[in-house]
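Observations on the three-dimensional arrangement
Read off the chains here:
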Amino acid sequence: MRTCLAVALGLVMAVNVFAQTAQTPTTSEPVGPAVAPAAPTAPGPQPGEYVVEPAHFSVAPQIDGRLDEPVWQQAAVMKNFTQYEPEEGKPPTQATEVRVGYDRDNLYFGIRCFDTEPGRIKANNLQRDGDMNFDDTVRIMLDTFHDRTSAFSFYVNSLGAQVDSLLRNNGEEENFEWDGLWYVATARDAQGWTAEIAIPFKTLRFPHTQTQDWGINVRRYLARNKEESFWRPVLRSWGYWAETQVGYFGEIKGLDGISPGGRYQLTPYGLVRADDEDRRNHVPVKGSVGGDAKINLTSNLIADVTVNTDFAEVEADQEQVNLTRDKLKYPEKRPFFLEGSNLFYFGDRIEPYDVAEQFQFFFSRTIGLSPDGLVAIPLLGGGKLSGKVGDWSVGALNVTARDTSYTSGGQRFEEPETNYSVFRLKRDLYPGSTIGVIGLDKEVVGGDQGTAPYDHNRGAGFDWDLNFGKHFSSIGYTTKTFTPGIDSRDTASSADLVYQGDILRVRTAYTTIGDNFNPEIGYVTRVGIKKSQSDVVWILTPDALGIHRAYLNYDFNHIVDSNGQLETQISTYEANLLTPNKAGLAILYHQNVEVLFAPFPVYRNVIIPPGHYRFSNLFLGTGTDYGKDLAVTLWYDKGNYYDGTRLHTFVNLAAKPARGILFLTQWDRNAVRLPEGDFTIDLLTENVTWSISTKLSTRAILQWNRDDNFSGNFLIDWTYRPGSDVYLVYNNVKDWYSLRRDSNTSTLIPGQSVILKVTRRFDF
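Let us look at the structure shown here. Note that the structure is a prediction, hence the values are computed from the model and not measured.

Okay, the overall build of the chain next. Helix and strand counts for the chain come out as 5 helices and 44 strands. Every one of the 764 residues in the chain was classed for burial, and the buried ones make up 53%. Pairs at least 24 apart in sequence give 59% of the contacts found in the chain among residues at least 6 apart. Per element, the accessible surface of the chain, about 33,100 Å² overall, is 56% carbon and sulfur.

Let us look at the nonpolar core. Core analysis: the biggest nonpolar cluster contains 36 residues, and Leu 107, Phe 109, Ile 111, Leu 142, Ile 197, Leu 204 and Trp 214 have the highest contact counts within it. Those elements that provide at least two residues to this core are β3 (76–78), β5 (96–102), β6 (106–114), β7 (137–143), β8 (151–157), β12 (192–200), β13 (211–222) and β15 (250–256). Those residues in contact with Phe 109 that sit more than four places away from it in its chain are Trp 72, Val 98, Arg 99, Val 100, Ile 140, Leu 142, Ala 195, Glu 196, Ile 197, Ile 199 and Ile 216. Val 314, Phe 359, Leu 379 and Ile 513 belong to the second-largest nonpolar core, a separate cluster that totals 27 residues.

This part covers the pairing of β6. Of all 9 residues in β6, 8 are buried; the element is thus mostly enclosed. Here β5 runs beside β6; their pairing, made up of 7 bridges, is antiparallel. Of the residues in β6, the one forming a bridge with Val 98 is Ile 111. Linking two consecutive strands that pair antiparallel, namely β5 and β6, is a turn of 3 residues. Bridge analysis of β6 against β12 gives 9 bridges, and the strand direction is antiparallel. Of the residues in β12, the one forming a bridge with Phe 114 is Gly 192.

What follows covers a nonpolar patch on the surface. Judged by side-chain polarity, Tyr 573, Leu 585, Ile 587, Tyr 589, Leu 618, Leu 620 and Tyr 636 come together as a nonpolar surface patch covering roughly 580 Å² of accessible area. Mapped onto the elements of the fold, Ile 587 is located in strand β32 (residues 584–596). By relative accessible area, which is 35% here, Ile 587 ends up partly exposed.

This next bit is on unusual backbone geometry. Residue Pro 86 follows Glu 85 across a cis peptide bond; omega there is 0 degrees. Summarising the element assignment, Pro 86 is placed in the loop between β4 (82–85) and β5. Even without glycine at this site, His 146 takes up a positive phi of about 50 degrees. Structurally, His 146 can be placed in the loop between β7 and β8. Backbone geometry places Arg 489, a non-glycine residue, at a positive phi of 50 degrees. Assignment of secondary structure puts Arg 489 in the loop between β26 (472–482) and β27 (491–500). The exposure class of Arg 489 is exposed, given its relative accessible area of 54%.

Let us now look at the pattern of salt bridges. Counted under the stated rule, the structure contains 45 salt bridges. With its nearest N and O atoms 2.9 Å apart, the salt bridge here joins Arg 507 to Asp 496. Placement of the pair is Arg 507 in strand β28 (residues 504–513) and Asp 496 in strand β27, with a sequence separation of 11 residues.

This model, assessed by the stated rule, comprises 36 aromatic pairs. For the pair Phe 361 and Phe 517, a centre-to-centre distance of 6.0 Å together with 15 degrees between the ring planes defines the contact as stacked. With Phe 361 in the loop between α4 (341–344) and β19 (379–389) and Phe 517 in the loop between β28 and β29 (529–540), this residue pair connects regions lying 156 residues apart in the sequence. Residue class for Phe 517 comes out buried when judged on its relative accessible area of 4%. Among the aromatic side chains, those forming a connected cluster through ring pairs are Phe 346, Phe 359, Phe 361, Tyr 477 and Phe 517. The residue whose ring lies beneath Arg 112 is Phe 114, and the NZ or CZ to ring-centre distance is 5.6 Å. A cation over a ring is seen here: Lys 388 above Phe 145, with NZ or CZ 5.2 Å from the ring centre.

What counts and what doesn't
Residues numbered from 1 in each chain as written. Predicted model: local features only at pLDDT ≥ 70, side-chain atom pairs only at ≥ 80, totals over all residues. Heavy atoms only, no water. Helix = DSSP H or I, 4+ residues; strand = E, 2+ residues; numbered from the N terminus. Buried < 20%, exposed > 50% of the residue type's maximum accessible area, 1.4 Å probe, protein only. Contact = heavy atoms within 4.5 Å. Areas by Shrake-Rupley, 256 points an atom, 1.4 Å probe, with all protein chains shown as cover. Core = buried A, V, L, I, M, F, W, Y, C linked by side-chain atoms within 4.5 Å. Pairing = 2+ DSSP bridges. Patch = residues over 30% accessible without salt bridge, like charges linked within 9 Å, V, L, I, M, F, W, Y side chains within 5 Å. Salt bridge = Lys/Arg side-chain N within 4 Å of Asp/Glu carboxyl O. Phe/Tyr/Trp six-rings, centres within 6.5 Å; stacked < 30°, edge-to-face > 60°. Lys NZ or Arg CZ within 6 Å of the ring centre and 35° of its normal.

Set out below in structure tokens:
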């Protein structure tokens, strides 16, 4: 504990020194490439076009959802929105006006969504960060650094529910797990619906200058018409992520003399817990305390400190079925690791569809979780720094995991106290382009060195994200790991080149990963490979024969080992057809070649022998309009599987029987027939959310794997004041596979637990 706190304190002290030095804005010009591009990839508006200059409010509006206060008459007005869907370039069927003002502490938006049929306004979600894809919503996106790459995003529906996220690399990655502190109220009337929003400047990050100029765009979604309209028009020719092309935002100018508010934010927690292990040890309940602190070193550089970190309220992972040679990847959901995660990202380009062999040099789920992700390893605490200083993005993370022991798969594992450190630095070259470096360190602090034959693992890397004019871009990296006893074939490198035209996108990439590449706090599915990947995507809008949009895709992956011998080759032909109401049909045809040099244990005692396998399968999928109260998705995936057959069927049913209630039912079946043995996997998942109000919600996730396991995760969340919550959590895991259970080799950690956790946020 002393080690962790000393490291965290040292980090904060060092950051303070760095921040004080960084307070003085630089006057030097940014360093660009030897030959600058003719124009940024996503140029901004012409001077005076799509620019809003908000009024400075002397009196703050009351956030009650109504725009009847005189102060709103002083506000600047954003109007004359333009359709993106379904009829690009046309005026929307319903008008929208957004009023903007600010004071020293908050940015205010007063939104009027006119509607000539207010009885048809659609809204179901009341939950924070719930699914609002099918509700009438308004979305505000703010590029506070005006880097034309990243942005804060704030959604609100007509019921006042909130969703917020962070956009990275023009929307290629959107992090919905980030939660900011902002205030919303809505109301309905005969003219439609209104919303008032107050976003504290302390929630945002921005440069340290007297006057702020940011990028901004506002989107309105009219659910019954599937209509999207924007203040700054959006064009389909901008590609798959057209709606989040930060570089094409309008501008909000003249924010003068604003400050990030209080410098310190403290969120302590208290927790009591009872579980099966407690009862076996004759301990009725266990208690713990801890908390997080946030320190605003500058307006755009923030340090976080966490002590005795706890994530009891985090949603349980959804079980996945894996019949491939690639390692499963579960998403990070823990708040401490999510804020600033865009800055720490280092890896392959994020694609809008699944890509084999996805690589991520730093993957935070390797910290505080067992390798299978089933056991939480207690964190003593740590510190984190993230933000921008001029043209530099700076990130640093240091966390210490407590020494612990646990049983999994019939084995006893001893994990020593371990310290994890990450340092990230990125430099803006010109709009939309960066270069960066990263350093990683995993260090056993003391005591037993665990199962590894060495006491540390390190890594270093350089990456780039470059735009060349309007149509071409490249992302890539080169990395090296440092493991005692290994001094060769421990590097990984990758580069791609992308052409993005009006209707055509072409990407080609090449990756090589050494046999001894060992990123212990990263994610890599295979080592000792060389991979070539190419894909071509056509995006068409025929608006004929009931088809509104069509995505046609060809993808080719070719993977060989370090000696040039083929391991995997996959060719995919894909067609996705969408109707005007966003129902759809997908057709995919896969051609696979798999070469096994060692036996492949695919499921339980079914092992596929080494050999050369060629097989193919046809996938058909269809989905109805999820804007309705009842919607369904069906998959049918049939074909060969190694030297046998596989039938994969999937059903997803979404039901909204009443406001605030959502049932998501999934049934996933894999029936495999092989010479080595037959097996069927049935996985049923029920996810129920009931949002009683925007401050009180419940969640239940039930997962049933036939003849294998059952798990239940229940949560009641009461936000009794902004940023402060009471959580009641119940978990239940059962192992139904008798052979594994009776032999004490279960990896599921079965049992029950009840947790009560209270948090309270203080701002100074």
